[in-house]
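Listed below are the residues making up each chain.
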Amino acid sequence: MKVGFIGLGNMGAPMAQNLAKAGHDVTGFDLQAPCPEGVSKAETAAGAAKGQDVVITMLPNGAILRSVADEIIPAMDKGAVLLDCSTVDVESARAVAEQAEAAGVMAVDAPVSGGVGGASGGTLTFMAGGRQEAFAKVNPLFDVMGQKAVHCGDSGAGQSAKICNNMILGVTMIATCEAFALADKLGLDRQKMFDVVSTSSGYSWTMNAYCPAPGVGPTSPADNDYQPGFAAELMLKDLRLSQQAAEAVDADTPMGHSATDLYAQFVEQEGGKGMDFSAMLPRFEKRHRG
Ligand code: NAD
């Protein structure tokens with residue numbers, strides 16, 4: 001397929017490279033980042049979008065997505081698909097899809113789970129929103145960039161699934177970290193804590209696959225001085241998106257709200273920026289009740 005790829009950062013570059021390696025004809029554009037090997041460079045976003053079967057965007061946020069969409073949708077062929085893989089607010093995803101459809105372009109919002117490792121290894125999970133016809137057209141690209149793609153519903157459904165998943169992730173990481181900090185103060189050995197919880201009803205992805213305690217469980221960012229991994233500020237971004245969505249539909253999400261406040265405090269006042277989101281554990285260790 002002929003593919004345009006806009007946003008060649010930490011995630012976009014390896015995704016575009018995997019598509020090129022699989023034999024797709026990929027043209028890339030980024031304001032700053034260089035094109036990875038095998039990807040031809042366009043001089044503008046519109047240049048990367050023109051004449052393509054599919055145009056993929058992998059951008060930092062909804063405002064940037066909307067401004068790039070203004071530029072590329074008029075340049076795209078009718079019947080082509082705009083595939084946005086960024087994590088953005090549901091409202092922006094729906095607005096861009098509407099704008100695309102009005103111009104005869106199909107749109108799919110398909111944020112990813114799996115991080116930079118998943119992007120490089122081609123093992124991402126995609127959660128997609130948009131028409132079935134559009135999903136079917138981009139499915140072969142999902143097969144190259146990832147291991148699983150779930151069609152979640154209409155436009156915005158991919159972003160909805162992503163922020164609900166990541167709200168669970170943020171809340172669960174905090175619960176796991178505060179339980180470890182409590183166990184420490186109760187004099188419980190961390191390995192014993194892991195051995196029990198990872199096979200009991202408190203088990204979770206954060207405990208079993210991404211344990212925030214160094215030297216315990218599988219290798220995780222905790223074993224590398226909490227270098228990300230998944231940075232605390234990205235967790236905060238996703239939690240804020242969950243709260244923005246909750247407010248828009250009047251959903252009661254008290255745990256998501258508390259997790260957002262805690263990550264905001266951690267990132268903005270307590271030096272958590274640039275650390276992995278599991279560094280909540282050393283944060284709790286240092287603190288006392290009240
Ligand atoms: P990044 O900052 O490394 O890359 C974003 C790229 O977009 C940059 O290279 C930037 O120069 C480019 N860009 C910004 N404005 C542009 C414009 N107007 N035109 C063209 N290019 C522009 O970010 P990333 O880590 O690659 O993340 C991209 C998206 O994926 C984000 O929405 C993020 O939330 C999501 N995501 C990231 C991860 C992760 O682990 N990094 C995991 C899942 C989802």
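None of the values given here were measured: they were computed from a predicted structure.

(A) Broad picture of the UniProt feature "domain: 3-hydroxyisobutyrate dehydrogenase-like NAD-binding" (unreviewed entry) in the protein. In this structure's numbering, the residues bearing the UniProt feature "domain: 3-hydroxyisobutyrate dehydrogenase-like NAD-binding" (unreviewed entry) are residues 156-281. Secondary structure within residues 156-281 divides into 61% helix and 0% strand; the distance between the first and last C-alpha atoms comes to 33 Å.

(B) Seen up close, the pairing of strand β9 (residues 146-153). The pairing of strand β8 (residues 124-130) with β9 spans six bridges and is parallel. Bridged to glycine 129 within β9 is glycine 153. Each parallel crossover has a hand, and for β8 linked through helix α6 (residues 132-145) to β9 it is right-handed.

(C) Seen up close, the packing of helix α3 (residues 62-72) against helix α4 (residues 90-102). α4 packs onto α3 with a crossing angle of 5° between their chain directions and a minimal axis gap of 10 Å. It follows that α3 is roughly parallel to α4 by the angle criterion. Of the residues in α4, those in contact with Gly62, Leu65, Arg66 and Ala69 of α3 are Ser92, Ala95, Val96 and Gln99.

(D) Examining the UniProt feature "active site" (unreviewed entry) in the protein more closely. Mapped onto the present numbering, the UniProt feature "active site" (unreviewed entry) falls at Lys162. One can find lysine 162 in helix α7 (residues 157-185). With sequence-adjacent residues up to four places away left out, lysine 162 is seen in contact with Thr87, Pro111 and Met127.

Definitions and limits used
- Residues numbered from 1 in each chain as written.
- Predicted model: local features only at pLDDT ≥ 70, side-chain atom pairs only at ≥ 80, totals over all residues.
- UniProt positions renumbered as here; feature names shortened; annotations may be inferred.
- Helix = DSSP H or I, 4+ residues; strand = E, 2+ residues; numbered from the N terminus.
- Pairing = 2+ DSSP bridges.
- Right-handed = clockwise from strand over helix to strand, strands pointing away.
- Axes fitted to C-alpha atoms, helices over the stretch in contact; angles between N-to-C directions.
- Parallel < 35°, antiparallel > 145°, perpendicular 65-115°, else oblique.
- Contact = placed C-beta atoms within 7 Å.

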